[in-house]
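Observations on the three-dimensional arrangement
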Amino acid sequence: MLERNIAIKNYINKFFVKENKHILHARENSQHLGLPNIQVPAQVGKLISLLVRIKAPKRILEIGTLGAYSTLWIAESVASDAKIICLEIDPHHASVAREHIQVAGYASQIEIREGNAQQLLNQMQNNQEAPFDLIFIDADKENYPAYLDAAILLSASGTLILSDNLIPKGDDIDPNTDSPGARGIYQFNKKLAEDPRLESILSTTIVGEKGRIDALGITLVK
Ligand code: SAH
Ligand code: DHB
Ligand code: MG
């Protein structure tokens with residue numbers, strides 16, 4: 001079964017996914033510098049990039065940036081007057097991300113705010129920052145429910161919220177699991193499904209060498 005998943009993933013990648021040189025550099029150099037190998041899979045990067053192209057957002061928020069791999073998939077598809085704000089808690093990740101953004105030529109369009117996403121999101125609400133057109137959630141899984149609440153407050157009607165890793169690792173689908181990260185995700189999914197302000201689907205994805213099934217959440221704020 002998993003071998004079939006890997007074959008499907010390779011087939012999709014071969015025909016539909018091409019990392020540009022900056023995206024490829026961000027992935028390879030992040031690995032070289034010892035960052036964890038947990039960026040979105042290339043085909044999820046392409047899916048996000050295509051959704052960005054369809055949405056044509058002017059203000060974009062990314063929660064959890066790592067080495068800017070997903071950021072550069074987003075940047076590839078935005079207009080030159082669009083602005084991307086990235087939240088990242090790890091100073092080393094943030095500095096590697098800044099470097100990748102710089103060499104890709106997006107330094108004036110992409111701002112990295114270093115710190116705890118919850119605090120930075122609170123600041124944005126207190127400062128009454130303009131709503132975002134697209135928000136990508138991909139940081140610590142325990143706090144996904146809080147990130148969704150904040151994302152909704154920083155949205156307007158028509159905002160697209162994308163969320164990575166909505167199927168937790170493990171053999172079973174178990175909302176009562178002991179893992180705090182997985183519990184956060186199940187709680188997040190319940191809210192995505194039930195909040196009357198949102199219309200959502202989880203779109204399954206195939207991840208890594210093992211062909212594990214995960215999902216990208218696609219949510220429209222009504
Ligand atoms: N979006 C990236 C992957 C992000 S991995 C990509 O696909 O390329 C998750 C990132 O979230 C890590 O870099 C981690 O340091 C960051 N993170 C974890 N907890 C955080 C928090 N509380 N606030 C902000 N960032 C956080
Ligand atoms: C992992 C994967 C992710 O996409 C992420 O955002 C965080 C962690 C992981 O495989 O551990
Ligand atoms: Mg992720």
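Read on for a plain summary of the structure. Keep in mind it's a predicted model, so treat the numbers as computed, not measured. (Residues numbered from 1 in each chain as written. Chains lettered and ligands numbered in written order. Predicted model: local features only at pLDDT ≥ 70, side-chain atom pairs only at ≥ 80, totals over all residues. Heavy atoms only, no water.)

A closer look at the packing of helix H2 (residues 21–32) against helix H5 (residues 91–103)
Following both chains from N to C, one finds H2 and H5 inclined at 155°, their axes separated by 10 Å at the closest point. On the basis of the axis angle, H2 is roughly antiparallel to H5. Crossing of H2 over H5 shows right-handed handedness. Facing H2, whose interface residues are His22, His25, Ala26, Asn29 and Ser30, H5 presents Val96, His100 and Val103. (Axes fitted to C-alpha atoms, helices over the stretch in contact; angles between N-to-C directions. Helix = DSSP H or I, 4+ residues; strand = E, 2+ residues; numbered from the N terminus. Parallel < 35°, antiparallel > 145°, perpendicular 65-115°, else oblique. Left-handed = near helix turned anticlockwise from the far one by under 90°. Contact = heavy atoms within 4.5 Å.)

Observations concerning the packing of aromatic side chains
Counting across every chain of the model gives four aromatic pairs. Relative to Trp73, the ring of Tyr69 has its centre 6.5 Å away and its plane inclined at 80°; by these criteria the two rings are edge-to-face. Pair noted here: Tyr69 and Trp73 are both in helix H4 (residues 69–75), with a separation of four residues, about one helical turn. Its relative accessible area of 3% is what places Tyr69 among the buried residues. Every member of this aromatic cluster is reached through a ring pair, and the members are Tyr11, Phe15 and Phe16. (Phe/Tyr/Trp six-rings, centres within 6.5 Å; stacked < 30°, edge-to-face > 60°. Buried < 20%, exposed > 50% of the residue type's maximum accessible area, 1.4 Å probe, protein only.)

Remarks on the site of ligand 1
Around ligand 1, 20 residues are found, and the nearest of them are Ser70, Glu88, His93, Ala117 and Asp138. Ser70 is positioned such that a nitrogen or oxygen atom in its side chain is 2.8 Å from a nitrogen atom of ligand 1. At 3.2 Å from a nitrogen atom of ligand 1 is found a side-chain nitrogen or oxygen belonging to Asp140. Burial of ligand 1 by the surrounding chains reaches 90%, relative to a free accessible area of 580 Å². Counting atoms within 2 Å of the grid points, the majority share of ligand 1 lands in the largest pocket. Considering only residue class, the shell around ligand 1 consists of nine nonpolar, seven polar and four charged. (Near = heavy atom within 4 Å. Polar contact = N/O pair within 3.5 Å; in protein donor to acceptor, adjacent residues only side chain to side chain. Areas by Shrake-Rupley, 256 points an atom, 1.4 Å probe, with all protein chains shown as cover. 1 Å grid on protein atoms, 1.4 Å probe; cavity = no way out; pocket = protein on both sides within 12 Å on 5 of 7 lines; lining within 4 Å. Sits in = over half its atoms within 2 Å of the grid points. Nonpolar A, V, L, I, M, F, W, Y, C, P; charged D, E, K, R; others polar.)

Here's the deal with the coordination of the magnesium ion (ligand 3)
Looking at the metal site, the magnesium ion (ligand 3) is ligated by Asp138 (OD), Asp164 (OD) and Asn165 (OD1), spaced 2.1 Å from it. Linear spacing of the donor residues for the magnesium ion (ligand 3) on their chain is D-x25-D-N. (Donors = N, O, S within 2.8 Å, 3.2 Å for Na, K, Ca; no water.)

Section: a nonpolar patch on the surface
A cluster of nonpolar residues, Tyr11, Ile12, Phe15 and Phe16, forms a patch on the protein surface that exposes about 450 Å² of accessible area. Among the secondary structure elements, Phe16 is positioned in helix H1 (residues 2–16). (Patch = residues over 30% accessible without salt bridge, like charges linked within 9 Å, V, L, I, M, F, W, Y side chains within 5 Å. Salt bridge = Lys/Arg side-chain N within 4 Å of Asp/Glu carboxyl O.)

Looking at the side chain of Glu19
Here Glu19 is to be found in the loop between H1 and H2. With relative accessibility at 15%, the residue Glu19 sits in the buried group. A distance of 2.7 Å separates a polar atom in the side chain of Glu19 from a polar atom in the side chain of Arg27. Looking at Glu19, its side chain comes within polar contact range of the side chain of Tyr69, at 2.5 Å. The residues touching Glu19, leaving out its near neighbours within four places in the chain, are Leu24, Arg27, Ala42, Tyr69 and Trp73.

Quick look at H5
The end-to-end C-alpha separation of H5 is 19 Å, in line with the 18 Å expected for 13 residues at 1.5 Å each. Considered for burial, the residues of H5 that qualify are His93, Ala94, Val96, Ala97, His100 and Ile101. Along the axis of H5, the buried positions cluster into a sector of 165°, meaning they face one direction only. At its buried positions, H5 is contacted by H2, H4, strand S2 (83–88) and strand S3 (110–114). (Expected span 1.5 Å × (residues − 1). Arc of directions from axis to C-beta.)

A short note on the sheet that holds S2
In spatial order, the strands read S3-S2-S1-S4-S5-S7-S6; together these seven strands make up an open sheet with mixed pairing. The strands lining the two open edges of the sheet, one partner per strand, are S3 and strand S6 (198–207). The mean angle between the axes of side-by-side strands here comes to 15°, regardless of whether they run parallel or antiparallel. (Pairing = 2+ DSSP bridges.)

Structural notes on the site of ligand 2
All residues adjacent to ligand 2 are Ile38, Asp138, Lys141, Asp164, Asn165 and Lys169. Residue Asn165 places a side-chain N or O atom 2.8 Å away from an oxygen atom belonging to ligand 2. Summarising the interface, the protein chains cover 69% of the accessible area of ligand 2, which totals 290 Å² for the free molecule. Of all the cavities here, the one that holds ligand 2 is the largest pocket. Class assignment of the residues belonging to the shell around ligand 2 gives a composition of one nonpolar, one polar and four charged.

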